[in-house]
Amino acid sequence: MGSADNGDIQSVLLSEAQIASRLDEMAAQIDADYAGKDLLLVGVLKGAVMVMADLSRRIQHSEAAMDWMAVSSYGSGTKSSGVVRILKDLDADLTGRNVLIVEDIIDSGLTLSWLISNLRSRGPASVEVAALLRKPTAAKVEVDVRYIGFDIPNEFVVGFGLDYAEKFRTLPFVGTLAPHVYSS
Ligand SMILES: O=P(O)(O)OC[C@H]1O[C@H](OP(=O)(O)OP(=O)(O)O)[C@H](O)[C@@H]1O
Ligand code: HPA
Ligand SMILES: [Mg+2]
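Note that the coordinates shown come from a computational prediction; the quantities given were computed from them, not determined experimentally.

Draft legend 1. Inspection of helix α1 (residues 16-34) at higher detail. Between its first and last C-alpha atoms α1 spans 27 Å; for 19 residues at 1.5 Å apiece the expected length is 27 Å, and the two agree. In this fold, the buried residues of α1 make contact with β1 (9-14), α2 (49-56), β5 (98-106), β6 (126-134) and β7 (147-151). At the C-terminal side of α1, Gly36 shows a positive phi close to 75°.

Take a look at the structure:
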């Protein structure tokens, strides 16, 4: 599966071009804010892979470092289980670092609020968040997000790293799924 024309996608919410242009703006803002400072980008596997690749390439900061953490709270369904598990921890020591968490989506906000407090406990100079998407449900949890790509409606979305049961991550746009996908 890699194309959108087999009927699994109901509608395209954000096109490749819309995402690219917003990532340009976010990268410029990040460059301005971190000029002359250390910067460690922390990508949250697996969902943030596309955002990390496309955002980091736009960041001019020549000494920005990249590290990865894998956490999971969704299993194979469309609802957060409420339990965040570390599947892979960071390689980097965060002491004194300026950490920028890179995420694909903030939905319940649970993953991020857990992650922020986990990373803050490791002695960094700062912890900020850049996320491509945010749903209205995220407002229920106190998460301070410095860089947001798009506020989207409360619908389950796939593509650009986001999956449904590990499928559809490879789509280059963000879209919603046709109802038949959930029932099959
Ligand atoms: O705000 P929340 O309700 O916590 O949801 C957001 C998180 O859920 C998804 O990850 P998931 O746990 O499904 O793992 P994945 O990134 O490997 O798909 C997504 O990539 C975010 O990390
Ligand atoms: O809407 C979503 N789509 C895919 N994965 C997700 N994880 C949280 N919300 C979503
Ligand atoms: Mg994720």
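From this point, the discussion proceeds with the structure in view.
Draft legend 2. The arrangement of the pairing of strand β3 (residues 65-72) in detail. Strand direction decides the pairing type here: strand β2 (residues 40-45) and β3, joined by six bridges, are parallel. Each bridged residue has a counterpart across the sheet, and for Val42 the counterpart in β3 is Asp67. Handedness of the crossover is the feature at issue here: the chain leaves β2, passes through α2, returns alongside β3, and the resulting connection is right-handed.

Draft legend 3. How the structure looks around the sheet that holds β6. Read across the open sheet, the six strands follow the order β4-β3-β2-β5-β6-β7; overall the sheet is mixed. The sheet terminates laterally at β4 (85-88) and β7, the two strands that pair on one side only. Between one strand axis and the next, the sheet turns through 30° on average, direction left out of account. Pairing between β2 and β5: four bridges, direction parallel. Considered in β5, the bridge of Val42 is made with Ile101. Contacting β2, β3, β5 and β6, α2 crosses the sheet at an angle of about 155° to β2.

Draft legend 4. Broad picture of the sheet that holds strand β9 (residues 174-177). Ordered by their spatial adjacency, three strands build an open sheet running β1-β9-β8, and the pairing between neighbours is antiparallel. The two strands at the open ends of the sheet, each matched to only one other strand, are β1 and β8 (157-158). Inspection of the sheet shows β1 paired to β9 by four bridges, in the antiparallel sense. Directly across from Ile9, in β9, lies its bridge partner Leu177.

Draft legend 5. Focus on the environment of Ala131. Inspection of the secondary structure assignment puts Ala131 in strand β6. For the pair Ala131 and Ile106, spaced 25 residues apart in sequence, the C-alpha separation works out to 7.1 Å. Apart from the residues within four sequence positions on either side, Ala131 is in contact with Glu103, Asp104, Ile105, Ile106, Val145, Ile148 and Gly149.

Draft legend 6. Quick peek at the site of ligand 2. The full set close to ligand 2 counts eight residues, and Ile105, Asp107, Phe156, Val157 and Leu162 are the nearest of them. Residues belonging to the shell around ligand 2 are distributed by class as follows: six nonpolar, no polar and two charged.

Criteria and cut-off values
Residue indices begin from 1 for each chain and proceed along its sequence in written order. Lettering of chains starts at A and numbering of ligands starts at 1, both following the order in which they are written. Residue-level local features of this predicted model are given only where pLDDT is at least 70; pairs of side-chain atoms are given and counted only at 80 or more, and the full residue set underlies all totals for whole chains, interfaces and linings. Think of it this way: any DSSP run of H or I at least four residues long counts as a helix, any run of E at least two long counts as a strand, and we number them from the N terminus. For a helix, the expected span equals 1.5 Å multiplied by the number of residues minus one. Remark: residues whose backbone-derived C-beta atoms lie within 7 Å of one another are considered to be in contact. At least two DSSP bridges between two strands are required for those strands to pair. Look down the strands so they point away from you; if going from the first strand over the helix to the second traces a clockwise path, that crossover is right-handed. Orientation is described by axes fitted as lines to C-alpha atoms, over the contacting stretch for helices, and by angles from 0 to 180 degrees between their N-to-C directions. Each residue gets a C-beta atom placed from its backbone. Should that atom fall within 6 Å of a molecule or strand, the residue is termed near it. Just so you know the grouping, Ala, Val, Leu, Ile, Met, Phe, Trp, Tyr, Cys and Pro go in nonpolar, Asp, Glu, Lys and Arg go in charged, and all remaining residues, Gly too, go in polar.

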